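In case you want the letters, here they are:
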Amino acid sequence: MISFTSFPTQPEDAYRTVRRYNDDEDDAMMDLDDENGPSSSKLTCPGETLTSSHDYMRGHGTYVDNDEVIASVTGTIERVNRLVTVRPVNSRYNPEIGDLVVGRIAEVQPRRWKVDANSRQDAILMLSSVNLPGGVQRRKLESDELQMRTFFEEGDLLVAEVQAFFADGAMSLHTRSLKYGKLRNGQLVIVPPVLVRRLKSHFLTLPCNVDIILALNGYIWVSKHIKQIEQEGELGFDAEAVYSNQNDRIDSSTRSAIARVANIIQILASHFIPLTDTLLLEAYEWTMEQDSDVKTLLQEDYGDALVAAVVSKE
Amino acid sequence: MGSRIEILNEAGFRSDGRRQHELRDLNIDLSRHGEADGSALISHGLTQVLVSVHGPREAKMRSHTFHDRANINVEVTVASFSTGERRKRLRGDKRILEFAATIKATFEPVIRTSLYPRSQIDIYIQVLQQDGGTLQTCINGTTLALINAGIPMTDFVCAISGGVHSTSPMLDLTTLEENDIPHVTVAVMPKAKKVVLVTMETRLHVDRFEEILNLARDAGSILHREMKEAVLNRSISLVSTAGPAQLREKGEDDMNVDY
Amino acid sequence: MASSHISKAESSYIQAGLTSKDPQRLDGRNLGDYRAVALETGVAPLANGSAKLNIGRNPHNGSGGTEVVAATKLEVETLEEGAVDKGRVVCTVTCSPAAYPHLSPNAVEDLQYDLTTVINQTLAHPSLHPGNLRIIPGRKSWLLNVDLVVLADAGNIYDALFMAARAALWDTKVPRTRFVQFKARKGGVDNVGKGGDGMDVHQDVTSGFDTRGAHSAADFELPDYWDEGEVLDGRDRWPICITLNLVPPNHFLDATTSEESAVPLKLLLVFSFASIEVPTIQAMRFIGTGETSSPELRQLIKEGQRYAADTFKALQSKLKAEDVRRNQKTRELFASR
């Protein structure tokens, strides 16, 4: 089945005005500068003076020139005591130690993997930062180096934690926990990283038998729910299962639940709505109440209705 | 080669009905495009350009990285149907390479590359239609796309073309005018009040040059206002749905994340 | 195209969904469903015909999707002795590097070469050749350039390219030309107009060819008409491409990038609907690794034809709707002046 639509004549969030210019201009500048120092929740953009550098310290998204703190990105001005920062509206993932990320192996190198994690450089996963078969305490062997692709190969997805930074700013990951490791039984959804906030837990389970990993780099893994018991206990570490590429048997209803959740995430992300556990659950329940097909979620009006319904509840 | 059309008639109108210092309609669309981190579709009159910015990201070739800053890579593609006469330009075309190098040189000092050592920022420019002022449109589009991608810059870069018909200076030239009169393209940083680029391929009297440069600076600040408004409007629409949580959240950063 | 690898687990997840008894795709579509296709004609004012097409753009913020801009441009070609005098059609595909941010420049170049080959071989074939590209028999004809630019690729690029090309060709207007001829008489020099009536001939419209030695010379002029010209002859014939992605025993349409990475074999079927009852296959091509038995192939062609007929009808009515929309827009523009 195929259906044709038109491009919108006026993209909704775009600025499209047709204006005539005259020789003489009016001086209606937008006034963003607050005389009393930077106020919060205000938008600014590159080149705008925020405050004097005598009274404030510059944070991320700003620079100092001529004793003035000036914004270098478009975003909201924030102030913590004397520190002024501009949080960008949109940017690539900016890692911090302890962050949970989902990444894709880009390259296998001697004793380490390079991992694409939607950041400014590929992340590094050292062979010494992963659990190897045969117990956690086992020494690293030379044979491990030769069979690195049996653990992770190019294209593989994994969930890991940011452990440290190298001198050049690249992040180093580790998967030394049973919660981390290779990802199976599901599909990946990519959203702008700013839409994933730091939450109590980034491992969510929806009652529809679906697990979600809301990684802070905007890579979201939606998969079949795996029972907690299977994961517990250090002794229960089973290398075969951890590094397996085989999916479990996934029944049809789980599969369609996964697709539904993935579509919901796409809709929320396209409306630039930050993802939280409660929001996702509400959205899922709303679509179930509507008794709708998974593919109706692809329609624009349906998506708008969903957003209107869940946002009003907030 | 004389044109049949008067560049500036006695009443002070140009061939498309504009006054000497009048700019063409400016159209900016900042909605997301494809996989790009930031993009902008911009048109000055009939000249239309799509700019996509990818990065900062891992450099495709390790030889292209710097240990202390990001590498900026500019690639320009010109659609063969963009001009009146169809013209197929290949990737290696000298003029296009030079054009890309000009844009790279314009933005290198403005982007705060030192924040991203070993990374690469790719700027892909697709020229869709040309009716004069291609360089200015590419530069303005690149500014917007970079800002849209959240890449730190010290300032906007606003570019405008200008020319002189006998002794009368004019702004924002069409192809017809570019073919007939000496012209320059000037890019300014409106906040810092600095000129970052001046290109001229024709001869121009020194006195006229100064005049046109001053005019271009003024026009740059007008463009700045429009571009800023476009950026802020888009940001407002995004932030409004993202909600106040975005503002509150920063304080919780150092909170331990409990897995 | 596979801009990025996907993992074995993802790949088998996708395949398992497609081959199960109750087939399921990542976004919930049925096997025969396309994503929404957005189409607009007349997007390039300097071209003779143009169209922009996007398969699968996000309806809310316009991101994503496979996006192609197609434009046609006519050039006058002076023919050499003995050349085919019916005009030529040449298609070129260019890929914007932004569409393939993970590929190296050389890989992008290879890709656009491959795409150009498929499109050009199919559309430039004599069986589809429009009849009105001749200007002066034996001397001058139109060269019809079809340029396609890939702005974004989120899967199913071939169907997108063919649909965009079809829309641009549908939109193409060939300028009317009038034939002007000069013949030297025995007694003196006179101008004789052919093609129009004698009154229309102007001595100065022809380019400055040297008439002194020649016995006859011919050129053409472009009379001013209210419209931009006539449509291409036989524009209903321009073909439709259907890409069948094969996951035995099933097949599906309009694969996304990740589905393309998971499914190695696809079959391109290009149908032309000169008459809706008896379509012709203009091209057929396997892409990828794998094989199909010939009875299966026969079945696939039959199915493909059915899909193509649907697509043809939908596209045709969309193109007509676009014509109406643009006429209306023009009228409003004039009314507001």
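Here the structure is a predicted model, which is why all the values come from computation and not from measurement.

Engineer: When you look at the interface of chain C and chain A in this model, what are you seeing that I'm missing?
Structural biologist: How big an interface is tends to be stated in terms of accessible area lost as the parts join. On the side of chain A, 37 residues touch chain C, which itself brings 36 residues to the contact. Those elements that place two or more of their residues in the side of chain C that touches chain A are helix H1 (8–19), strand E1 (37–41) and helix H5 (294–336) of chain C. Residue composition of the side of chain C that touches chain A, by class: 13 nonpolar, 13 polar and 10 charged. Here strand E1 (residues 4–5) of chain A pairs with E1 of chain C via 2 bridges, running parallel. The residue bridging phenylalanine 4 of chain A from the neighbouring strand is valine 37 of chain C, located in E1 of chain C.

Engineer: Which parts of the structure should I look at to understand the UniProt feature "domain: Exoribonuclease phosphorolytic" (unreviewed entry) in chain B?
Structural biologist: Residues and elements named next belong to chain B. As annotated in UniProt, the feature "domain: Exoribonuclease phosphorolytic" (unreviewed entry) corresponds to residues 22–152 and 155–218 in the numbering used here. Secondary structure content for residues 22–152 is 22% helix and 32% strand, and the end C-alpha separation is 32 Å. A helix fraction of 30% and a strand fraction of 41% characterise residues 155–218, whose end C-alpha atoms lie 16 Å from each other.

Engineer: I tried to follow helix H3 (residues 157–171) of chain C on my own but got confused; where do I start?
Structural biologist: Between its first and last C-alpha, H3 of chain C extends 21 Å over 15 residues, near the 21 Å set by a 1.5 Å rise per residue. When you tally the buried positions in H3 of chain C, you get 14 out of 15 residues, the bulk of the element.

Engineer: So what exactly am I meant to see when it comes to the sheet that holds strand E15 (residues 186–190) of chain A here?
Structural biologist: Working definition: the strands of a sheet are paired by backbone hydrogen bonds and lie parallel or antiparallel to each other. All names here are of chain A. Pairing in this open sheet of 4 strands is antiparallel, and the strands run E15-E18-E17-E16 from one edge to the other. A single partner strand is all that each edge strand has here, and the edge strands are E15 and strand E16 (203–206). Each strand of the sheet is rotated relative to its neighbour by a mean of 20 degrees, with strand direction disregarded. Each of E15, E16, strand E17 (210–214) and strand E18 (219–224) touches helix H5 (residues 252–270); the most contacted strand, E18, lies at about 160 degrees to it. Set on the sheet, helix H6 (residues 277–289) makes contact with E16 and E17; between it and E16 the angle comes to about 20 degrees.

Engineer: Explain the environment of valine 80 of chain A to me, please; I cannot follow it from the model alone.
Structural biologist: You can see valine 80 of chain A is positioned in strand E7 (residues 75–80). The spacing of valine 80 of chain A and methionine 148 of chain A is 68 residues in sequence and 45 Å in space, taken between C-alpha atoms.

About the thresholds
- Residues numbered from 1 in each chain as written.
- Chains lettered and ligands numbered in written order.
- Predicted model: local features only at pLDDT ≥ 70, side-chain atom pairs only at ≥ 80, totals over all residues.
- Contact = placed C-beta atoms within 7 Å.
- Helix = DSSP H or I, 4+ residues; strand = E, 2+ residues; numbered from the N terminus.
- Nonpolar A, V, L, I, M, F, W, Y, C, P; charged D, E, K, R; others polar.
- Pairing = 2+ DSSP bridges.
- UniProt positions renumbered as here; feature names shortened; annotations may be inferred.
- Expected span 1.5 Å × (residues − 1).
- Buried ≥ 20, exposed ≤ 12 C-beta atoms within 10 Å, placed from the backbone.
- Axes fitted to C-alpha atoms, helices over the stretch in contact; angles between N-to-C directions.

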